Amino acid sequence: MATVDMKDVKKVYAGGVEAVKGVSIAIPDKQLCVLVGPSGCGKSTLLRMIAGLEAISSGTVSIDGKVVNAISPTDRDIAMVFQNYALYPHMNVYDNMAYGLRNRGTPKAEIDSRVRSTAKVLELAHLLERRPRELSGGQRQRVAMGRAIVRNPKVFLFDEPLSNLDAKLRGQMRVEIKNLQRNLGVTSVYVTHDQLEAMTLADILVVMNAGLVEQMGAPLDIYEKPASTFVASFIGAPPMNLMALKREGGHARLAEGVTLGVEPPATAATLGFRPEDAIVGQVEGKRALVLPAVVEAVEPVGAESFLHCAATGDRVLVRVSGRATAKPGDKLSITASLDKIHWFDAAGKRV
Amino acid sequence: MTPRVVFPNKVLPYLLVAPQLAITLVFFYWPAGQALYQSMLKEDPFGLKSKFVWFANFEKVLADPAYVNSIKVTAVFSLATALVAMSVALLLAVMAERVVRGKGLYRTLMIWPYAVAPAIAGMLFLFLFNPSIGTLAVLLRKAGIAWDPLLDGTDAMMLVVTAAAWKQISYNFLFFVAGLQAIPKSLIEAAAIDGAGETKRFWTIVFPLLAPTTFFLLVINTTYAFFDTFGIIHAVTGGGPGKATETLVYKVYNDGFVNLILGDSAAQSVILMVIVIALTAIQFRYVERKVHYG
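Remember, it's a predicted structure, so these values are computed and weren't measured experimentally.

(A) Focus on the overall build of chain A. Summing up its helical and strand segments, chain A has eight helices and 20 strands in all. Seen through its principal axes, chain A has C-alpha atoms that stretch 75 × 45 × 35 Å. Total accessible area computed for chain A in this model is approximately 15500 Å², and 52% of it derives from carbon and sulfur atoms.

In structure tokens form, the structure reads like this:
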């Protein structure tokens, strides 16, 4: 059981490319920290630095209060689940799981009992003699998990472990990973580009962009109060509607004939509201943002429908529950209550 | 499994494989058949007439102590050459993986010796290790080693093995580098995280995954040592001293084209053919079982 501390960690590659530009994250014991962000944001590099697979250019990574910059991955007492699972193809499931224990000189009897009990937990007991290529994608994923769990390491590292699975299996494994991590109480770092995985798994959610931390906190806090337009459009699906404000004579407005309903903060340059925070139609007697809009497309998903609309030159998405009555070409009003509106300044920061 | 394609035309498939078959027949089966036929003939000293003697040539050859010696020499030579050529190549390939700067140049330079003709390679080593003028021979003598490949059979064997292996290292290196590159990097990383040190990683992960390459090279190197090293032996020792480096293929040449005992020579080449076929069959039957293909 351990804490993981990153202090001003930077990664500069030989060519001068800065992949991670100074990241500080403190992960308390037994917590699951999810690093989320688009491709190339440095999240995987950061994870690999914690693992010791990439050298740390500057700053420190500590595990359990001990700086591990100069310690090889072999001696960091961590376990990692790779995106492609990285199972040893020439070993059967049993040997794959036992490999790490054997390397650490665990007694044979203990290896056997640990491998078998872990296999039981992961429902792999009947597959122990199989080679990885004789397993399905989901089973391979479980073996990769088993190989990490059986060692009982200080820290689990997950590098997009579910991205090679189909949607149904991904949902299933997501819950299982969460439960396992809870039950075992092992501090974990989990990298993903999937915001749904990030939201559901994280105790601490870290949104990264271009080598920097954009926002860090509890998933729902981030959802409710995104620190920037980047976070607002990355967390939540479908993403938040963002509309640029125009300044005319000291007053901010959207377009001709649109009432903002409130005077925005002085520095606000963008307003945003989530598709689920808007309704179709007008609410009498309540001060709200009302947008005249034309429906461009309707996406029925079943439990809900998404209306893609054009409003004052912007594209606006609205989520309505159940079957939508609107059809493409329909004119309607979109109303968002004022307390659900987010304001961002010219640099994209929350006001 | 890809679905089987069936030719509606009965003649076309045979026409399509005909060129390949023709080449195989003309260049492989015909000479092999000739050798087989020749091995059962006995010629008179002037080469004017020959007599069909069934297996008499084989009986004579196998009873000859010089031939039994040649088998031993070949076994030692082939085993040593394959072992040295493959292990040195593997070591170099593993080291080349770690080269950060100038990787391409390093690899290119490593491949050059393969472009050198066997006889030239032989001459090179002959000069380098010549007891009277060789640069390296001088160093060896200075180090207190009584080096004389012209008189000492063991020294001569070491010299031809070195020359033969040196030439084959490039080829093996190329395949080992390709083999190493085909091993996913994440496997090595996973093994490192699983607590395996560098040496352990090599023997438990890299080496087993390299097995298909190693097995392929084992077959190739054995065949190389058996047949393609003729030029080196001819240039360096000529089979001497005292037949200490006379391999089977060299003896075939010596008996047939120098001593002009065609029947014996043909019988030897048939035996050689059988040995290599048997060896390859054994390699595929027993060694390949231990090979894991990805």
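(B) Representation of the environment of Tyr99(A) in the model. Residues and elements named next belong to chain A. Note on placement: Tyr99 falls in helix 2 (residues 93-103). By relative accessible area, which is 5% here, Tyr99 ends up buried. For the pair formed by Tyr99 and Arg147, sequence separation is 48 residues and the distance between their alpha carbons is 8.3 Å.

(C) Representation of the nonpolar core within the structure. Residues and elements named next belong to chain A. One finds Met6, Ile25, Leu46 and Leu157 to be the most contacted residues of the largest nonpolar core, which totals 62 residues. For Leu46, the contacting residues outside a window of four places in its chain are Met6, Val9, Val20, Val23, Ile25, Leu35 and Met208. Core analysis: the second largest hydrophobic core is formed by 46 residues, Ala98, Leu101, Met145 and Val186 among them.

(D) Highlighting a nonpolar patch on the surface. Residues and elements named next belong to chain B. Together, Phe7, Val11, Leu12, Leu15, Leu16, Val17 and Leu21 give the surface a local cluster of nonpolar side chains, amounting to about 640 Å² of exposed area. Relative to the assigned elements, Leu21 resides in helix 1 (residues 12-38). Looking at Leu21, the relative accessible area reads 47%, which means it is partly exposed.

(E) Spatial organisation of the sheet that holds strand 7 (residues 155-159) of chain A. All names here are of chain A. Across the sheet, six strands lie side by side as 6-7-8-3-9-10; this open sheet has mixed pairing. Unpaired on one side and paired on the other, strand 6 (78-81) and strand 10 (212-217) mark the two borders of the sheet. Strand-to-strand twist of the sheet, defined as the mean angle between neighbouring strand axes without regard to direction, takes the value 15°. Where helix 4 (residues 137-149) meets the sheet, its contacts fall on strand 6 and strand 7, and the angle it forms with strand 6 comes to roughly 175°. Contacting strand 3 (32-36), strand 7 and strand 8 (187-192), helix 5 (residues 167-184) crosses the sheet at an angle of about 160° to strand 8.

(F) Quick peek at the sheet that holds strand 20 (residues 342-345) of chain A. Residue and element names in this part refer to chain A. Overall, antiparallel pairing links the three strands, which are arranged 11-14-20 in an open sheet. Each end of this open sheet is capped by a strand with a single partner; those strands are strand 11 (241-244) and strand 20. The average undirected angle you get between the axes of adjacent strands in this sheet is 30°. In this sheet, strand 14 (residues 268-273) lies alongside strand 11 in antiparallel orientation, the contact comprising four bridges. Bridging from a neighbouring strand, Ala244 pairs with Thr270 of strand 14.

(G) Examining the interface of chain A and chain B more closely. Listed per partner, the contact involves 25 residues of chain A and 20 residues of chain B. Where chain A abuts chain B, roughly 1800 Å² becomes buried across the two surfaces, and 57% of that area is made up of carbon and sulfur atoms. Where chain A meets chain B, there are 13 residue pairs in polar contact (both at pLDDT 80 or more). Among the secondary structure elements, those contributing two or more residues to the side of chain A that touches chain B are helix 1 (43-51), strand 6 and helix 2 of chain A. Of the residues forming the side of chain A that touches chain B, the biggest block, four residues, is contributed by helix 2 of chain A. Class assignment of the residues belonging to the side of chain A that touches chain B gives a composition of 13 nonpolar, five polar and seven charged.

(H) Spotlight on the pattern of salt bridges. With the rule as written, the count across this model stands at 17 salt bridges over all chains. One salt bridge connects Asp95(A) with Arg102(A), and the closest N-O pair in it is separated by 3.1 Å. Shared partners join several salt bridges into a network, and the residues in it are Lys11(A), Arg48(A), Glu54(A), Lys185(B) and Glu189(B).

(I) The side chain of Asn103(A), seen in detail. In this structure, Asn103(A) sits in helix 2. Contact partners of Asn103(A), with chain neighbours within four places excluded, come to Asp194(B), Gly195(B), Ala196(B) and Lys200(B).

(J) Broad picture of unusual backbone geometry. All names here are of chain A. For the bond running from Ala237 to Pro238, omega is -5°, close enough to zero to count as cis. Considering the arrangement of structural elements, one finds Pro238 in the loop between helix 8 (229-234) and strand 11. The phi torsion at Asp8 lies on the positive side, around 50°, for a residue other than glycine. Despite not being glycine, Thr312 shows a phi value in the positive range, around 45°. With respect to the helices and strands, Thr312 occurs in the loop between strand 17 (304-311) and strand 18 (314-321). We classify Thr312 as partly exposed; its relative accessible area is 25%.

(K) Region of interest: the confidence of the model for chain B. Across chain B, the average pLDDT comes to 84, with 97% of residues at or above 70. The ipTM, which scores confidence in the relative placement of chains, is 0.82 for this predicted complex, and the corresponding pTM is 0.79.

(L) Layout of the packing of aromatic side chains. Within this structure, the stated rule accounts for 19 aromatic pairs over all chains. On the numbers, 5.0 Å between centres and 45° between planes, the contact of Phe175(B) with Phe216(B) is tilted. Of this pair, Phe175(B) sits in helix 7 (residues 153-181) while Phe216(B) sits in helix 10 (residues 211-228), and the two are 41 residues apart along the sequence. With a relative accessible area of 29%, Phe175(B) lands in the partly exposed category. Counting every residue linked through ring pairs, the aromatic cluster contains Tyr114(B), Tyr171(B), Phe175(B) and Phe216(B). Positioned above the aromatic ring of Tyr88(A), the side-chain terminus of Arg147(A) is 4.6 Å from the ring centre. Above the ring of Tyr223(A), the side-chain terminus of Arg274(A) is found at 4.1 Å from the ring centroid.

(M) How the structure looks around the pairing of strand 9 (residues 204-209) of chain A. Residues and elements named next belong to chain A. Taking burial as the measure, the six residues of strand 9 include five buried ones, the bulk of the element. Both strand 3 and strand 9 contribute to a ladder of four bridges, which runs parallel. Residue pairing for strand 9: Leu35 is matched across the bridge by Val206. With five bridges connecting them, strand 9 and strand 10 associate as antiparallel partners. For Met208, the partnering residue across the bridge sits in strand 10 and is Val213.

(N) Expanded view of the environment of Leu209(B). Following the sequence through the fold, Leu209(B) ends up in helix 9 (residues 198-209). For the pair Leu209(B) and Gly179(B), spaced 30 residues apart in the sequence, the C-alpha separation amounts to 8.5 Å. With sequence-adjacent residues up to four places away left out, Leu209(B) is seen in contact with Pro89(A), His90(A), Ile183(B) and Leu187(B).

Conventions and cut-offs
Residues numbered from 1 in each chain as written. Chains lettered and ligands numbered in written order. Predicted model: local features only at pLDDT ≥ 70, side-chain atom pairs only at ≥ 80, totals over all residues. Heavy atoms only, no water. Helix = DSSP H or I, 4+ residues; strand = E, 2+ residues; numbered from the N terminus. Areas by Shrake-Rupley, 256 points an atom, 1.4 Å probe, with all protein chains shown as cover. Buried < 20%, exposed > 50% of the residue type's maximum accessible area, 1.4 Å probe, protein only. Core = buried A, V, L, I, M, F, W, Y, C linked by side-chain atoms within 4.5 Å. Contact = heavy atoms within 4.5 Å. Patch = residues over 30% accessible without salt bridge, like charges linked within 9 Å, V, L, I, M, F, W, Y side chains within 5 Å. Salt bridge = Lys/Arg side-chain N within 4 Å of Asp/Glu carboxyl O. Pairing = 2+ DSSP bridges. Axes fitted to C-alpha atoms, helices over the stretch in contact; angles between N-to-C directions. Buried area = accessible area lost by both parts, 1.4 Å probe. Polar contact = N/O pair within 3.5 Å; in protein donor to acceptor, adjacent residues only side chain to side chain. Nonpolar A, V, L, I, M, F, W, Y, C, P; charged D, E, K, R; others polar. pLDDT = per-residue confidence, 0-100. Phe/Tyr/Trp six-rings, centres within 6.5 Å; stacked < 30°, edge-to-face > 60°. Lys NZ or Arg CZ within 6 Å of the ring centre and 35° of its normal.

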